[in-house]
Amino acid sequence: MKYIFLTKKFYDDYKDCPEIEKKQDRPYMQACIEIDNKIYAVPLRSHITHEYVLWSDKENCCGLDFSKAVLLLKPDEYIDKERSPYIRPNEFKALKGKEYEAEQKLKKYIKQYKKAKSKLQFRENQILCRYSTLQYFEEYL
């Protein structure tokens, strides 16, 4: 698993997307997943209260939050190559070797998002779509 920061350019390009995390010092896990050869980044977050997560510290509600995953359409411009994030040792250890699980959970979340988007008459689907960052990348999914 590779941990990255996103660049100022990424945040500038998506400044009008309220569901995208705005902390420029938030570490992301870069998941190179074979979904149409696109690169996704999944943020490490705290205080997660939903099920779309790979826990790194379940007791403190910390983990990879798939509901806030972003598609890196310009990875060369959006991945900060100058800085490397510090990951808390307990979370690093909990996620070590979980690349496959992270990829599978992201694929499952994308599939669930698409299904929810096609059935917006249900309230739970409306909520999933409203708070997902995938709404900003639908044309590429």
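Values in this document were obtained by computation on a predicted structure and should not be read as measured data. (Residues numbered from 1 in each chain as written. Predicted model: local features only at pLDDT ≥ 70, side-chain atom pairs only at ≥ 80, totals over all residues. Heavy atoms only, no water.)

Q: Sorry, what's going on with the nonpolar core here?
A: Nonpolar side chains tend toward joint burial in soluble globular proteins. In terms of nonpolar packing, the biggest core is built from 36 residues, with Leu6, Phe10, Leu64, Phe66, Val70 and Leu72 touching the most fellow members. The set of elements that each furnish at least two residues to this core consists of β1 (2-6), α1 (8-13), β3 (39-45), β6 (70-71), α4 (99-117) and α5 (123-131). Per element, the largest residue contribution to this core is six residues, and it comes from α4. Beyond its immediate stretch of four places on either side in the chain, Leu72 contacts Ile4, Leu6, Phe10, Ile39, Ala41, Tyr78 and Ile79. (Core = buried A, V, L, I, M, F, W, Y, C linked by side-chain atoms within 4.5 Å. Buried < 20%, exposed > 50% of the residue type's maximum accessible area, 1.4 Å probe, protein only. Helix = DSSP H or I, 4+ residues; strand = E, 2+ residues; numbered from the N terminus. Contact = heavy atoms within 4.5 Å.)

Q: How should I be thinking about the packing of α4 against α5 in this particular structure?
A: Think of two packed helices as two axes; the pair is described by the angle between the axes and how far apart they sit. Contact pair α4 / α5: the axes reach a minimum separation of 9 Å and the direction vectors enclose 120°. Between α4 and α5, the crossing angle belongs to the class labelled oblique. Note on packing geometry: the crossing formed by α4 with α5 is left-handed. On α5, the residues that touch Tyr109, Gln112, Tyr113, Ala116 and Lys117 of α4 are Asn125, Leu128 and Cys129. In the contact of α4 with α5, the residues fall into five nonpolar, two polar and one charged. (Axes fitted to C-alpha atoms, helices over the stretch in contact; angles between N-to-C directions. Parallel < 35°, antiparallel > 145°, perpendicular 65-115°, else oblique. Left-handed = near helix turned anticlockwise from the far one by under 90°. Nonpolar A, V, L, I, M, F, W, Y, C, P; charged D, E, K, R; others polar.)

Q: Can you walk me through the environment of Tyr78 in this structure?
A: Here Tyr78 shows up in helix α2 (residues 75-78). For Tyr78, a relative accessible area of 2% puts it in the buried group. With 16 residues separating them in the primary sequence, Tyr78 and Ala94 have C-alpha atoms 26 Å apart. When near neighbours in sequence (up to four residues on either side) are disregarded, Tyr78 contacts Phe5, Leu6, Thr7, Lys9, Phe10, Asp13, Tyr14, Leu72 and Leu73.

Q: How do you make sense of the pairing of strand β5 (residues 62-65) when you look at a structure like this?
A: Remark: a regular strand shows side chains that alternate across the two faces of the sheet. Relative to β5, β3 runs antiparallel, the two sharing two bridges. By the bridge assignment for β5, Leu44 is matched with Leu64. Judged from the four bridges that link them, strand β4 (residues 53-57) and β5 form a sheet pairing that is antiparallel. The residue of β5 that forms the bridge with Asp57 is Cys62. Between β4 and β5, which follow one another and run antiparallel, lie four residues, and Cys61 among them has a positive phi close to 60°. (Pairing = 2+ DSSP bridges.)

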